[in-house]
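Tertiary structure, described
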Amino acid sequence: MSTEELKRTVSTRTTPTITTDTSSFGESEDPLALEPAVRVENFNLWYGKAHALKNVDLRFPKNRVTALIGPSGCGKSTLLRSINRMNDLIDGVHTTGKVYLGDDDIFDRNQDTIELRKRCGMVFQKSNPFPKTIYENVIYANRIAGERDRKKLDEIVEYCLKRTALWGEISNRMNENGSMLSGGQQQRLCIARAIANQPDVLLMDEPCSALDPVSTQKIEELILDLRKNFTVIIVTHNMQQAARVADFTAFMYLGEIVEYGATSEMFIKPRKKQTEDYLTGRFG
């Protein structure tokens, strides 16, 4: 993508068709001046002897969308999965440094990882609805948490499906298996499931990479709407997508943060030559 194409993408970024008050989201805000939902401080991660993340320092502002971009293998997904400690499930992983969710050190020995993951909704690259009904997919976490009040569960399902623009499409199909939905609908169902427990942060790992353009547009509109209530951190290889949905962007390379700032500034006038080379397709 050329510099001129990037400028056009940023300059034509518009409010989505979903009604959203975006007046508080300044395009040139300083992420360091805003209240952080997540703070990463001097964070390092190794897979065995492979040093995957190197001295990462980042602040993810509350109720904003932050994109993690960079070539394959640069550490984007590793960083995303560090926030809810999913990397703990991989043998040979060890870390140094700090990651805070709000004021809580997620690596504190007293930290309950189950509670941590309740506070971090996760949406994966490939939609993964559970082999259950649409209704049960949405309120799965609420049932696990012990919620049994049918009226309250009904309200949660309706709220989440409306927030993900699915209610009008599938409100009469609650007893169908979630796998019967189209690919784009399945991904929105997974997002509905991720927000049902009202997490602090929504982590999205390439959520549109397997979707068609129409479904991708719906997910992007949804992301812009969700930032009213959630902090969204998204990994994407699509530079135009980052330009459309992200308030802030962090460019990563070989496990390090090369540049971080307002998307509108980085994409039009990056501070680092390496960032410009990546954004304009000279490598990656």
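For the structure itself, consult the block above.
Everything in this summary refers to the structure shown in the same document.

Cut-offs used in this document
- Residues numbered from 1 in each chain as written.
- Predicted model: local features only at pLDDT ≥ 70, side-chain atom pairs only at ≥ 80, totals over all residues.
- Heavy atoms only, no water.
- Helix = DSSP H or I, 4+ residues; strand = E, 2+ residues; numbered from the N terminus.
- Buried < 20%, exposed > 50% of the residue type's maximum accessible area, 1.4 Å probe, protein only.
- Contact = heavy atoms within 4.5 Å.
- Pairing = 2+ DSSP bridges.
- Axes fitted to C-alpha atoms, helices over the stretch in contact; angles between N-to-C directions.
- Phe/Tyr/Trp six-rings, centres within 6.5 Å; stacked < 30°, edge-to-face > 60°.
- Lys NZ or Arg CZ within 6 Å of the ring centre and 35° of its normal.
- Expected span 1.5 Å × (residues − 1).
- Polar contact = N/O pair within 3.5 Å; in protein donor to acceptor, adjacent residues only side chain to side chain.
- Core = buried A, V, L, I, M, F, W, Y, C linked by side-chain atoms within 4.5 Å.
- Parallel < 35°, antiparallel > 145°, perpendicular 65-115°, else oblique.
- Left-handed = near helix turned anticlockwise from the far one by under 90°.

Helix and strand counts for the chain stand at twelve helices and ten strands. Burial status across the chain gives 51% buried among its 284 residues. For the chain, restricting intrachain contacts to residue pairs at least 6 apart in sequence, the fraction spanning at least 24 positions comes to 70%.

This part takes up the sheet that holds strand S9 (residues 248-253). In any sheet, the strands associate via hydrogen bonds between backbone groups, in a parallel or an antiparallel arrangement. Taken together, six strands build an open sheet; the order of strands is S6-S7-S8-S3-S9-S10 and the sheet is mixed. The open sheet terminates on both sides in strands that have one partner only, identified here as strand S6 (120-123) and strand S10 (256-262). Direction aside, the axes of adjacent strands within the sheet are offset by 15 degrees on average. In this sheet, strand S7 (residues 201-205) lies alongside S6 in parallel orientation, the contact comprising four bridges. The partner of Met-122 across the bridge, within S7, is Leu-203. This element, helix H2 (residues 76-83), spans strand S3 (65-69), S6, S7, strand S8 (231-235) and S9 of the sheet and lies at about 150 degrees to S7.

Take the packing of aromatic side chains next. The final tally for this structure, using the stated rule, is three aromatic pairs. The residue whose ring lies beneath Arg-39 is Tyr-100, and the NZ or CZ to ring-centre distance is 4.2 Å.

Taking 1.5 Å of rise per residue, the 14 residues of helix H9 (residues 213-226) would be expected to cover 20 Å, and the 20 Å separating its terminal C-alpha atoms lies within 8% of that figure. Burial in H9 covers these residues: Ser-215, Thr-216, Ile-219, Glu-220, Glu-221, Leu-222, Ile-223, Leu-224, Asp-225 and Leu-226. Residues of H9 that are buried in the fold lie against S3, helix H6 (150-163), helix H8 (183-195), S7, S8 and helix H10 (239-245). Capping the start of H9 is the job of one residue whose side-chain oxygen sits 3.0 Å from the backbone nitrogen of Val-214: Asp-212.

Now for the sheet that holds strand S1 (residues 36-47). Ordered in space as S2-S1-S4-S5, the four strands form an open sheet in which the pairing is antiparallel. Two strands close off the open sheet at either side, each with one partner strand: strand S2 (50-61) and strand S5 (104-105). Relative to S2, S1 runs antiparallel, the two sharing eight bridges. Counterpart to Tyr-47 in the pairing with S2 is Ala-50. Contacting S1 and S2, H2 crosses the sheet at an angle of about 60 degrees to S2.

One broad rule of soluble globular proteins: the nonpolar side chains tend to lie buried together. Of all hydrophobic cores here, the largest spans 45 residues; its most connected members are Ile-69, Val-138, Leu-161 and Leu-202. Every residue in contact with Leu-161, bar those within four places of it in the chain, is listed here: Val-138, Leu-166, Trp-167, Ile-170, Met-174, Leu-189 and Ala-192. Residues Leu-53, Val-235, Phe-248 and Ala-262 belong to the second largest nonpolar core, which totals 32 residues.

Over its 13 residues, H8 runs 19 Å from end to end, which matches the ideal 18 Å to within 8%, given 1.5 Å per residue. Along H8, twelve of the 13 residues are buried, which leaves the element largely enclosed by surrounding structure. Lining the buried residues of H8 we find S6, helix H4 (134-138), H6, helix H7 (167-170), S7 and H9.

Close contact between H8 and H9 brings their axes to 9 Å; oriented N to C, the two are set at 20 degrees. Here H9 runs roughly parallel to H8, going by the angle between their axes. Between H8 and H9 lies a crossing of right-handed hand. Across the interface between the two elements, Gly-184, Gln-187, Arg-188, Ile-191 and Ile-195 from H8 touch Ser-215, Lys-218, Ile-219, Leu-222 and Leu-226 from H9.

Time to look at the side chain of Thr-164. Mapped onto the secondary structure, Thr-164 falls in the loop between H6 and H7. Polar contacts involving the side chain of Thr-164 include one to the main-chain carbonyl oxygen of Leu-161, which spans 3.3 Å. Once you skip the residues sitting within four places of it in the chain, Thr-164 turns out to touch Arg-188, Ile-191, Ala-192, Ile-195 and Leu-222.

Moving on, we come to unusual backbone geometry. Positive phi outside glycine occurs at Asn-55, with the angle close to 50 degrees. Relative to the elements of secondary structure, Asn-55 occurs in strand S2. A positive phi is found at Gln-198, a non-glycine position, where the angle reads about 50 degrees. Assignment of secondary structure puts Gln-198 in the loop between H8 and S7. Among the residues examined, Gln-198 registers a relative accessible area of 43% and is labelled partly exposed.

So, to be careful, I would describe these as geometric facts and stop short of saying anything about function.
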